[in-house]
There are 2 protein chains.
Amino acid sequence: MNLDIIPLHLGLSHFHTPSVAIEAMQEAVAQHQTFYGPNEGLPELRYALAQRYLEDDGVPIPAEQILITHGTKHALHLYLHSLLQPGDEVVAPAPYWFAFPELVRQSGGKLVPVPANPEEEYRLNVEELRSRITPATKLLLLTNPGNPTGKVYSWAELQQVAALLEEFPNLHLLSDEIYDGLGYKGPLPSFLRFESLRDRVAVVNGFSKSFAMSGWRIGYLIAPFPILEKAVELQQKWISGVSPFLQAGAVEAIRQRHRIWQQFRTELEAKRERVTTVLQKMPKLQFTVPDAGYYVTLQVDRCLRPQDPASPFQLVEEWAAALKDQVGLEVLPATNMGMPGAVRMSFALPDDVLENALLRLQAFVS
Amino acid sequence: MNLDIIPLHLGLSHFHTPSVAIEAMQEAVAQHQTFYGPNEGLPELRYALAQRYLEDDGVPIPAEQILITHGTKHALHLYLHSLLQPGDEVVAPAPYWFAFPELVRQSGGKLVPVPANPEEEYRLNVEELRSRITPATKLLLLTNPGNPTGKVYSWAELQQVAALLEEFPNLHLLSDEIYDGLGYKGPLPSFLRFESLRDRVAVVNGFSKSFAMSGWRIGYLIAPFPILEKAVELQQKWISGVSPFLQAGAVEAIRQRHRIWQQFRTELEAKRERVTTVLQKMPKLQFTVPDAGYYVTLQVDRCLRPQDPASPFQLVEEWAAALKDQVGLEVLPATNMGMPGAVRMSFALPDDVLENALLRLQAFVS
C-alpha cells in the first residue's frame, strides 16, 4: 500500500488568507511601502490593534504598548528574554504548546508544568497552580484558547487567576491568545481586561491562526512598558522590524476581523460536529470537544499497554507511527506538550480530505 | 527658517524594489503560498543562491548550506550566537557597521577594532590585524564592500587575509557582503572563493541594499555546516522561517541580478561623480571616493577644534547637529562606527534632492 499522507499534525488551517489582507498588502506595495519600516511596527497596525482591544474588550491600550514582531513565537522569545533571569521558573498548565519549554530554557528559565485533567475538561486548577508557585516563580504562562486542548477558560476561571496574581505581587502573567478569533461561542475576552494587573500582564498574539496568515510571519506583544521597552530594544539589536507592506495587510485583516472570524467559525463548527460525531463511535479514543480552534486532543491510552495488554504499542509515538504507516494519517504525539498518551489532530482540512481521514482513523482503530 | 530635512543618514537607497521581484511575489500569493514555509528557507531560493555563487564565483555551495533569515542583521545574530562563547574576541577593521559591537556583545563576545587609514584609502592592514589576534580571538569580521567606507578590497588584500587564516588554524572569518551588487567595477568576488578555508568561512548577505528590498526583510547566512546547523536550530526555536511568498520574489531578483545591478550601478555612478566633483571643492571635508555602495564618509576634523580653533564645534556630533539645524541635512556621525570625527552621508537620492543637499552642504561648510 502506498498511501498519500494526510497531514493532521500541522499547526495551520486549510483556509486561504482573507482577500482583504492581500489587497491591502498589494496596495501598499504599489505605493512603494517596500522600504524599512519602524522597528516597533507600523503605526497604523499598532493603532488598529489598540482599537481592537478597545472595541472588543473595553480596555484602552496605548498603541505604544504594542510591539509588532516576526510572528508570535518571536513575540514569546522577545518577552521571555526581556523578563526572565537565570533560575526563574515559569508555571504553566499542561498540555501546552511544544515550543514553550525550550523558549523558556533559552531565556534562562525553567518550565514547571501543572497537568490539567481532561476528565474535567482541562479545568484550570488554581489550587494546583498555587501549590507550584515558589520564590523562584516569575511567570504564570496561560494559553487561552488552549493548544492542543482547544479549551477556553471561563470568565470565572480567569477571575481565579487574577485573584492568584493579587496574592503574589511579584508574579507576572503571560496570556498566549493566538487562537482567540476561533472561539465557537464567539471572540474571547483578553486577559488584558484585568486592568488593575496591567503592570504585570502581557499578551502575545498573531495572525497565523485566527487569520490564516501563517506565512506572513506577523505577531505582536503587548506588555508592561519596562518589559516592552526591553523587547523593542532586543528586536532593534537582533533583527529590526517587520515588513511594512505585510503589516498593511494585517491592518485590514484586523479591521474586518469579525466578518473573517464569523466565516472561519461557521466552517470549522461544521467540521467539529462531524469529527466529534465520528469520534464518539470510537470508545477506545477519549477526547474533549474543543471550545475553540481546530484541534482535537485524542487520548489513546486505551490503545496502549498496559491498558490494552494485547496492544502492540507501548508508547503513543509507536501508535502514531503505525497510524502513519498503515493508513497514512499523520498526527502529533503530545508527549512534548506535557500530555503523554495523547495526540493532537487537526480538523482544519477540506471536507473530502477530512472524511477520508476519518474513514482511515476508523479503519485503524477498529 | 523651517526647512524640510533631507535624510542623508539612512541606510537605504531611493530605488524601488525591482518589478520582477514584486511580480513573482504576487504570483506566489495568487498561488496561495501564504502558509508556513520551511524553517531553513524556500528550496527555490536556496538553490537560486547556490547557483549564483556557482555562476559568479565558480564555487559550488550546497543549497543546504544556505539559511534564509529575516534580514542580514538576523543572519549576523544567528551566526554570532552560534559561533561565539563568552569571552571570545572578534577582530574587525574600523570603521564598521554601527550594529556590530552590540551584536557581538549580545553573543558574549567583544569587538576589537583595527582602525584603517583613510589616507591609504582604508587599505586592509594585515600586519595590524595580525597584531590584534590573541588566543581569545575567535573571529575576523570583514565587511566587503565596506560600510560606511564603500571600500572594496582588492583580490590581493583578500589573499592576504586568506594567508592570515592559514596562519591561525582556529580563526574563523565572517564576510559581510551585503553591498556586493553595488560595486562600480562590477559585482565583487565573494570570500567563499577561498575553498580551502570553507570550514572556517561564513558569509552574510541580503536583499536590502543590492536589490532595494529593505522592507522585505530577507537575508541569508552561508556557514560551515556545524555552525549553520546551530543557526538553523536557533531560528527554529526563536522565530521560524521567512515568508515563502516574499522569498519567491527574492528568487526572481537573484535570477535577474546582473540586469538589476547594472541599472542601479549606472544611476549611482552618475550620482557618485556629481557628489565627488562638488566635494572636491570643499577642502575642509576630506573623503575617499567609494568603490561600491552609496555612502561617502566625510572626515570633518578640519571643521572641529582643535584643528580649527575658531570652530564652535568640539565633537562631530555637534557639527552634525548644526548641519541639521541650520541647513536641514541629516548625516550619520561615524563615532559608533569606530571612526570619530567623520560622518556617513548617503547619495542614493533623486537627482533634484541630491542637488539641493549639495547646495545646502556647500552653504554650511563655507
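Because the structure is a prediction, the values reported are computed rather than measured. (Residues numbered from 1 in each chain as written. Chains lettered and ligands numbered in written order. Predicted model: local features only at pLDDT ≥ 70, side-chain atom pairs only at ≥ 80, totals over all residues. Heavy atoms only, no water.)

A. Quick look at the overall build of chain A. Regarding its fold elements, chain A presents eleven helices and 13 strands. Its C-alpha atoms give chain A a radius of gyration of 21 Å, near enough to 21 Å, the size a compact globule of 366 residues would have. Taken over the C-alpha atoms alone, chain A extends approximately 60 × 55 × 35 Å along its principal axes. Counting only residues that meet the buried cut, chain A has 63% of its 366 residues in that class. Long-range pairs, those at least 24 residues apart, make up 74% of the contacts in chain A with a sequence separation of at least 6. Total accessible area on chain A is roughly 13,500 Å²; 53% of this is exposed by carbon and sulfur atoms. Of the side-chain charges in chain A, 32 are positive and 41 negative, and the distance between the mean point of each set is 2 Å. (Helix = DSSP H or I, 4+ residues; strand = E, 2+ residues; numbered from the N terminus. Rg over C-alpha atoms; globule rule 2.2 N^0.38 Å. Buried < 20%, exposed > 50% of the residue type's maximum accessible area, 1.4 Å probe, protein only. Contact = heavy atoms within 4.5 Å. Areas by Shrake-Rupley, 256 points an atom, 1.4 Å probe, with all protein chains shown as cover. Lys, Arg positive; Asp, Glu negative; His and termini not counted. Charge placed at Lys NZ, Arg CZ, Asp CG, Glu CD.)

B. Main features of the nonpolar core. Counting residues in hydrophobic clusters, the biggest one holds 200 residues, and the most contacted among them are A:Trp319 and B:Trp319. Setting aside anything within four residues of it in sequence, one finds B:Trp319 in contact with B:Leu285, B:Val300, B:Cys303, B:Leu304, B:Phe313, B:Val331, B:Val343, B:Leu361, B:Phe364 and B:Val365. Judged by nonpolar contacts, the second largest core, of 78 residues, contains A:Leu76, A:Val90, A:Leu234 and B:Trp238. (Core = buried A, V, L, I, M, F, W, Y, C linked by side-chain atoms within 4.5 Å.)

C. Quick peek at the domain arrangement of chain A. All names here are of chain A. Taken domain by domain, chain A holds domain 1 (6-15 + 259-365) and domain 2 (19-257). If you average the C-alpha positions of domain 1 and of domain 2, the two centres end up 26 Å apart. Facing the 29 residues of domain 1 at the interface are 35 residues of domain 2. Seen at the junction of domain 1 and domain 2, the total is zero salt bridges. Inspection of the region where domain 1 meets domain 2 yields 17 residue pairs in polar contact (both at pLDDT 80 or more). Listed by contribution, the elements that provide at least two residues to the side of domain 1 that touches domain 2 are α9 (257-279) and β10 (295-299). Of the residues belonging to the side of domain 1 that touches domain 2, the class tally is 14 nonpolar, nine polar and six charged. (Domains from an automatic or database assignment. Salt bridge = Lys/Arg side-chain N within 4 Å of Asp/Glu carboxyl O. Polar contact = N/O pair within 3.5 Å; in protein donor to acceptor, adjacent residues only side chain to side chain. Nonpolar A, V, L, I, M, F, W, Y, C, P; charged D, E, K, R; others polar.)

D. Up close: the packing of aromatic side chains. For the coordinates displayed, the defined rule picks out 30 aromatic pairs over all chains. Between the aromatic rings of A:Phe245 and B:Trp216, the centroid separation amounts to 5.3 Å while the plane-to-plane angle is 65°, which identifies the pairing as edge-to-face. One end of the pair, A:Phe245, is in helix α8 (residues 244-255); the other, B:Trp216, is in the loop between β7 (201-206) and β8 (219-222), on a second chain. Summarising the aromatic geometry, the rings of B:Tyr294 and B:Tyr295 are spaced 5.2 Å apart at their centres and angled 75° between planes, so their arrangement reads as edge-to-face. Since its relative accessible area comes to 0%, B:Tyr294 is described here as buried. (Phe/Tyr/Trp six-rings, centres within 6.5 Å; stacked < 30°, edge-to-face > 60°.)

E. Main features of the relation of the copies chain B and chain A. Of the two same-sequence chains, chain B is brought onto chain A (RMSD 0.0 Å, axial shift 0.0 Å) by a rotation of 180°. Expressed as an axis order, the relation between the two copies is that of a two-fold axis. The residues that chain B uses at the interface reappear at the interface of chain A in 100% of cases, marking a shared surface. (Least-squares fit on C-alpha atoms with pLDDT ≥ 70 in both.)

F. Structural context of the interface of chain B and chain A. Taken residue by residue, the interface counts 42 residues in chain B and 42 residues in chain A. Where chain B abuts chain A, roughly 3,500 Å² becomes buried across the two surfaces, and 60% of that area is made up of carbon and sulfur atoms. If you sort the residues of chain B by the area they bury against chain A, B:Phe35, B:Tyr36 and B:Trp238 come out on top, with a joint share of 19%. Between B:Lys237 and A:Glu102 there is a salt bridge whose closest N-O contact spans 2.8 Å. (Buried area = accessible area lost by both parts, 1.4 Å probe.)

G. Spatial organisation of the sheet that holds strand β12 (residues 332-333) of chain A. Residue and element names in this part refer to chain A. Taken in spatial order, the four strands of this open sheet run β9-β10-β13-β12, and their pairing is antiparallel. Among the strands making up the open sheet, the edge pair consists of β9 (286-287) and β12. Inspection of the sheet shows β12 paired to strand β13 (residues 342-346) by two bridges, in the antiparallel sense. Of the residues in β13, the one forming a bridge with Leu-332 is Arg-344. (Pairing = 2+ DSSP bridges.)

H. Highlighting the side chain of B:Thr69. Tracing the chain through its elements places B:Thr69 in strand β2 (residues 66-69). In terms of polar contacts, B:Thr69 uses its side chain to reach the backbone carbonyl oxygen of B:Gly71, at 2.7 Å.

I. Looking closely at the UniProt feature "domain: Aminotransferase class I/classII large" (unreviewed entry) in chain A. The feature "domain: Aminotransferase class I/classII large" (unreviewed entry), as given by UniProt, occupies residues 13-360 of chain A in the numbering adopted here. Helix makes up 39% of residues 13-360 of chain A and strand 16%, and the two end C-alpha atoms of the span are 20 Å apart. (UniProt positions renumbered as here; feature names shortened; annotations may be inferred.)

J. Spatial organisation of the pairing of strand β8 (residues 219-222) of chain A. Residues and elements named next belong to chain A. Burial along β8 is two-sided: the residues Gly-219 and Leu-221 and Tyr-220 and Ile-222 are all buried. Here four bridges tie strand β2 (residues 66-69) to β8, and the two strands are oriented antiparallel to one another. Residue pairing for β8: Ile-66 is matched across the bridge by Ile-222. As paired elements, strand β7 (residues 201-206) and β8 share four bridges and run antiparallel to each other. Counted as the bridge partner of Gly-206 is Gly-219 from β8.

K. The arrangement of the environment of A:Glu157 in detail. All names here are of chain A. Residue position: Glu-157 is located in helix α6 (residues 155-167). A sequence separation of 103 residues divides Glu-157 from Leu-54, and the C-alpha atoms of the two residues are 22 Å apart. Non-local contacts of Glu-157, meaning those with residues more than four positions away in its chain, are made with Arg-123, Leu-124, Lys-151 and Val-152.

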